[in-house]
Amino acid sequence: MMMASDWPLALLKPAAALVIWSLVMWGWMMATRIPALLRAGFDVWRHVGGTGADAASLVPDRVQWKADNHNHLMEQPTLFYAVIAILALATPTPSHMAAAVTLAWCYVGLRVMHSLIQAISNRILYRFTTYLLATLALAALAALCVPTLWHVTL
């Protein structure tokens, strides 16, 4: 059983892992996108304004997938980080602590799988399945906030 003193660090580790993974995806995106833009003749010195969507039309789909995934890692995971912060600051029961850490690692693992699927093959069925499972893990993790903050039994 996890000791209460181990609680915040045990929960912050999966959050830190997802931050690191997001930076790995950023690096992969930059390592593929910049050369693709240069090959397409995109002049970063003369181009003014625009968005990532403008560049998306200039690069092959396989390159764009990494940028799309990086954007996805800036979306739903913000809820994950908020839930982690809430639970790390609160003191759940020992059984809820263990469940939260397990769910947090499941979420991170599923988001890494989602990234790899989207960046390499982008098979929609597999990508959607991992996204759905990750969302369910996040929902279960968020549900643990209820008994922790309002002392309600689930």
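Heads up: these notes are all about the structure in this document.

Rules used in this analysis
- Residues numbered from 1 in each chain as written.
- Predicted model: local features only at pLDDT ≥ 70, side-chain atom pairs only at ≥ 80, totals over all residues.
- Heavy atoms only, no water.
- Axes fitted to C-alpha atoms, helices over the stretch in contact; angles between N-to-C directions.
- Helix = DSSP H or I, 4+ residues; strand = E, 2+ residues; numbered from the N terminus.
- Parallel < 35°, antiparallel > 145°, perpendicular 65-115°, else oblique.
- Left-handed = near helix turned anticlockwise from the far one by under 90°.
- Contact = heavy atoms within 4.5 Å.
- Expected span 1.5 Å × (residues − 1).
- Buried < 20%, exposed > 50% of the residue type's maximum accessible area, 1.4 Å probe, protein only.
- Arc of directions from axis to C-beta.
- Core = buried A, V, L, I, M, F, W, Y, C linked by side-chain atoms within 4.5 Å.
- Salt bridge = Lys/Arg side-chain N within 4 Å of Asp/Glu carboxyl O.

### Comments concerning the packing of helix α4 (residues 77-89) against helix α6 (residues 124-143)
How two helices pack is summed up by the angle between their axes together with the distance between the axes.
Now for step 1: Where α4 meets α6, the axes come as close as 10 Å, and the angle between the chain directions of the two elements is 30°. Judged by the angle between their axes, α4 and α6 are roughly parallel. For the crossing formed where α4 meets α6, the hand is left-handed. Note on element contacts: α6 touches α4 through Leu138, Leu141 and Ala142, opposite Leu79, Phe80, Val83, Ile84 and Leu87.

### Some remarks on α4
Now for step 1: Along its 13 residues, α4 runs 18 Å from first to last C-alpha, staying within 8% of the 18 Å computed at 1.5 Å per residue.
Now for step 2: Among the residues of α4, those classed as buried are Pro77, Phe80, Val83, Ile84, Leu87 and Ala88. The arc enclosing the buried residues of α4, seen along the axis, measures out at 130°, which places them on a common side. Exposed residues on α4 whose side chains face more than 90 degrees from its buried face are Leu79 and Leu89.
Now for step 3: Those residues of α4 that are buried lie in contact with α1 (7-39), α3 (61-72), α5 (94-120), α6 and α7 (145-150).

### Description of α6
Now for step 1: Compared with the 28 Å implied by 1.5 Å per residue over 20 residues, the 28 Å span of α6 between its first and last C-alpha is a close match.
Now for step 2: Those residues of α6 not exposed but buried are Arg127, Thr130, Ala134, Ala137, Leu138 and Leu141. In an axial view of α6, the angular spread of the buried residues amounts to 100°, which keeps them on one side of the axis. The outward face of α6, more than 90 degrees from its buried face, is lined by the exposed residues Ile124 and Leu125.
Now for step 3: Where α6 is buried, its residues touch α3, α4, α5 and α7.

### What about the nonpolar core?
Now for step 1: Core analysis: the biggest nonpolar cluster contains 28 residues, and Leu11, Phe80, Leu87 and Leu141 have the highest contact counts within it.
Now for step 2: Sorting the residues of this core by element identifies α1, α4, α5 and α6 as the ones contributing at least two each.
Now for step 3: Dropping the residues within four chain positions of it, Leu87 is found in contact with Trp7, Leu11, Pro92, Ala100, Leu141, Leu144, Cys145 and Thr148.
Now for step 4: Listed in part, the six residues of the second largest apolar core include Leu37, Phe42, Ala55 and Val63.

### Examining the pattern of salt bridges
Now for step 1: Inspection of the entire model under this criterion finds one salt bridge.
Now for step 2: Of the charged contacts in the structure, one is a salt bridge between Asp43 and Arg46, with a shortest N-O distance of 3.8 Å.
Now for step 3: The partly exposed category is assigned to Asp43, whose relative accessible area is 28%.
Now for step 4: Under the relative-accessibility criterion, Arg46 is labelled exposed at 70%.

### Focus: unusual backbone geometry
Now for step 1: Of note, the phi angle at Asn122 is positive, near 55°, even though the residue is not glycine.
Now for step 2: Along the chain, Asn122 turns up in the loop between α5 and α6.

### Here we look at the packing of α1 against α4
Now for step 1: Close contact between α1 and α4 brings their axes to 9 Å; oriented N to C, the two are set at 160°. On the basis of their axis angle, the class for α1 and α4 is roughly antiparallel. Relative to α4, α1 is oriented so that their crossing is left-handed. Across from Trp7, Pro8, Leu11, Leu12, Pro14, Ala15, Leu18, Val19 and Ser22 in α1, the residues of α4 making contact are Pro77, Phe80, Tyr81, Ile84, Leu87 and Ala88.

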